[in-house]
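The residues making up each chain are set out below.
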Amino acid sequence: MSVHREKHEGYRVPFVDPREHYRRLKSEIDAALSDALVNGDLVLRQQLRDFEAHIAEFVGVRYAVGVNSCYHALHFSLLAAGVGPGDEVITVAHTFVATISSIVHAGATPVLVDVRDDFNMDPDCLAEAVTPRTKAIIPVHLNGRVCDMAAIEEVASRHGLAIIEDAAQALGADYRGRRAGSLGLAGCFSFYPFKSLGGLGDGGAVTTNDPGVARMATLLRFNGEDRETGEFHYHGYTALLDNIQAAVLDVKLRHLPDWITHRRRIAWQYSDLLRGVGDLVLPPFDGEGYTDSFQNYVIRTGRRHALREYFQINGVETLAHWTKPIWQHSGLGIDRVRLPVTERLCQEVISLPMSAETTPEHVDIIGDVIRRFFA
Ligand SMILES: Cc1ncc(COP(=O)(O)O)c(C=O)c1O
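Residues numbered from 1 in each chain as written. Predicted model: local features only at pLDDT ≥ 70, side-chain atom pairs only at ≥ 80, totals over all residues. Heavy atoms only, no water.

Caption draft 1: Spotlight on the pattern of salt bridges. Applying the stated rule across the entire model yields 20 salt bridges. Residue R45 is joined to D41 by a salt bridge in which the shortest nitrogen-to-oxygen separation is 3.4 Å. Its relative accessible area of 36% is what places R45 among the partly exposed residues. The buried category is assigned to D41, whose relative accessible area is 11%. Among the salt bridges present, the one from D286 reaches R264, with a minimum N-O distance of 2.8 Å. Residue D286 is found in the loop between helix 9 (256-274) and strand 10 (290-291), and its partner R264 is found in helix 9; the two are separated by 22 residues along the sequence. As far as the burial class goes, D286 and R264 line up, both buried. (Salt bridge = Lys/Arg side-chain N within 4 Å of Asp/Glu carboxyl O. Buried < 20%, exposed > 50% of the residue type's maximum accessible area, 1.4 Å probe, protein only. Helix = DSSP H or I, 4+ residues; strand = E, 2+ residues; numbered from the N terminus.)

Caption draft 2: Quick peek at helix 8 (residues 243-253). When you tally the buried positions in helix 8, you get ten out of eleven residues, the bulk of the element. Looking at the buried residues of helix 8, the elements they touch are helix 1 (18-38), helix 2 (46-59) and helix 9. (Contact = heavy atoms within 4.5 Å.)

Caption draft 3: Structural view of the sheet that holds strand 9 (residues 204-208). Spatially, seven strands are ordered 1-9-8-5-4-2-3 in an open sheet, and the strand pairing comes out mixed. Each end of this open sheet is capped by a strand with a single partner; those strands are strand 1 (63-67) and strand 3 (109-113). Each strand axis lies, on average, 25 degrees off the axis of its neighbour in the sheet, ignoring direction. Bridge count between strand 1 and strand 9: five bridges; the pairing is antiparallel. (Pairing = 2+ DSSP bridges. Axes fitted to C-alpha atoms, helices over the stretch in contact; angles between N-to-C directions.)

Caption draft 4: Geometry of empty space enclosed by the protein. Taken as a whole and assessed by the stated rule, the structure comprises five cavities of 30 Å³ or more. Taken as a whole, the largest cavity spans an internal volume of roughly 80 Å³. Contributing to the lining of the largest cavity are D118, F119, L142, N143, G144, R145, P283, P284, D292, F294, N296 and V298. Across the lining of the largest cavity, the residue classes break down as six nonpolar, three polar and three charged. (1 Å grid on protein atoms, 1.4 Å probe; cavity = no way out; pocket = protein on both sides within 12 Å on 5 of 7 lines; lining within 4 Å. Points joined across faces, edges and corners; volume = space filled by probe spheres on them. Nonpolar A, V, L, I, M, F, W, Y, C, P; charged D, E, K, R; others polar.)

Caption draft 5: The packing of aromatic side chains, seen in detail. Inspection of the entire model under this criterion finds ten aromatic pairs. Members of the aromatic cluster, joined through ring pairs, are W268, Y270, F285, F294 and Y297. Looking at R145, its charged tip hangs above the ring of Y290, at a distance of 4.1 Å from the centre. Residue placement shows R179 over the ring face of F58; its charged tip is 4.2 Å from the ring centre. (Phe/Tyr/Trp six-rings, centres within 6.5 Å; stacked < 30°, edge-to-face > 60°. Lys NZ or Arg CZ within 6 Å of the ring centre and 35° of its normal.)

Caption draft 6: Region of the structure containing the sheet that holds strand 7 (residues 178-179). What the three strands build is an open sheet, ordered 7-6-10; its pairing is antiparallel. The open sheet has two edge strands, strand 7 and strand 10, and neither has a second partner. Looking at chain direction, strand 6 (residues 174-175) and strand 7 are connected through two bridges and run antiparallel. Directly across from Y175, in strand 7, lies its bridge partner R178.

Caption draft 7: Quick peek at helix 9. Here helix 9 is 19 residues long and its end C-alpha atoms lie 26 Å apart, about the 27 Å a rise of 1.5 Å per residue gives. Phi turns positive, to about 80 degrees, at G276, one or two residues after helix 9. (Expected span 1.5 Å × (residues − 1).)

Caption draft 8: Structural view of a nonpolar patch on the surface. Taken together, the side chains of L37, L42 and V43 present a nonpolar region at the surface, about 280 Å² in accessible area. Within the secondary structure, V43 sits in the loop between helix 1 and helix 2. (Patch = residues over 30% accessible without salt bridge, like charges linked within 9 Å, V, L, I, M, F, W, Y side chains within 5 Å. Areas by Shrake-Rupley, 256 points an atom, 1.4 Å probe, with all protein chains shown as cover.)

Here it is as structure tokens:
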């Protein structure tokens, strides 16, 4: 989810709290920034290599390549998978637009399928959408929960398709003992400031066990140049993860396991408080083979508009992702599709505050507001 227009001020319970986040980490972040600046470490220096090694280890893959966004991670992974004009790539409509734009900018055609009630790709819809032109699948692990990868892998291997994981929202989520981002040809992450691991601006990474994918992403992010030889191998992009971002992300990565534990506790508390209240449908929580990392806590209600207004009046900041099916944005030129679950989610979803700074007291306030609303 992209949280692009937050208003953190003036809420009893803000959706995110970047000032409090910085206050807690100030000494560590300031030291990392100062170290990089004093040494002039701005582009492709040790901090980037360190962060890449640490994030690769965290995800459980051989390589991580830092780029400036998950968008570019997706785009480069598609190019590395050989996706181009004439190809189709299957993904979900219930995702942030960047997933789909990366397919369009690779020259391929996005084929959008429906999700299940857990917000993730429906493998049956995937299987039905495969054609002779299908080249790759982008499962999107939404809200910090991995897709049903056994079923998706089965379709992929039956048809010889590459899997590129959109793991922008799933850093640290597990599926059958494997981490999001280690389950396909490539994993794509976002370090946008309000992600579970967020930088001071945009950032992302490609994770992979495939040396060819890692090399191509490494070349494409730096205008196609092999830094060792000076040879330009492709018309590339200017899409590096800035060294200074890597330095800050490396500091924060050390805290990530604790933050994920915290998010899971907050999710438990929400689920305990909200179970059986009104017509609320609560998000899935773990289950066989799944350990969810709760980038977001998304509830559903048929009274979405009224409940969000009531939250607003009561000083609780919420978001709704997404309120309009992607194909209804006419500027995107996406053919109309009929995806009933996606359409229903667009009318029902509300994201509740969920971050490392969300406290049990915040959740109690939200629980009270919701119970009063439905009383
Ligand atoms: C599911 C998903 N995919 C892709 C992206 C794009 O990430 P970035 O903003 O780093 O390009 C996001 C960001 O919000 C996302 O939530």
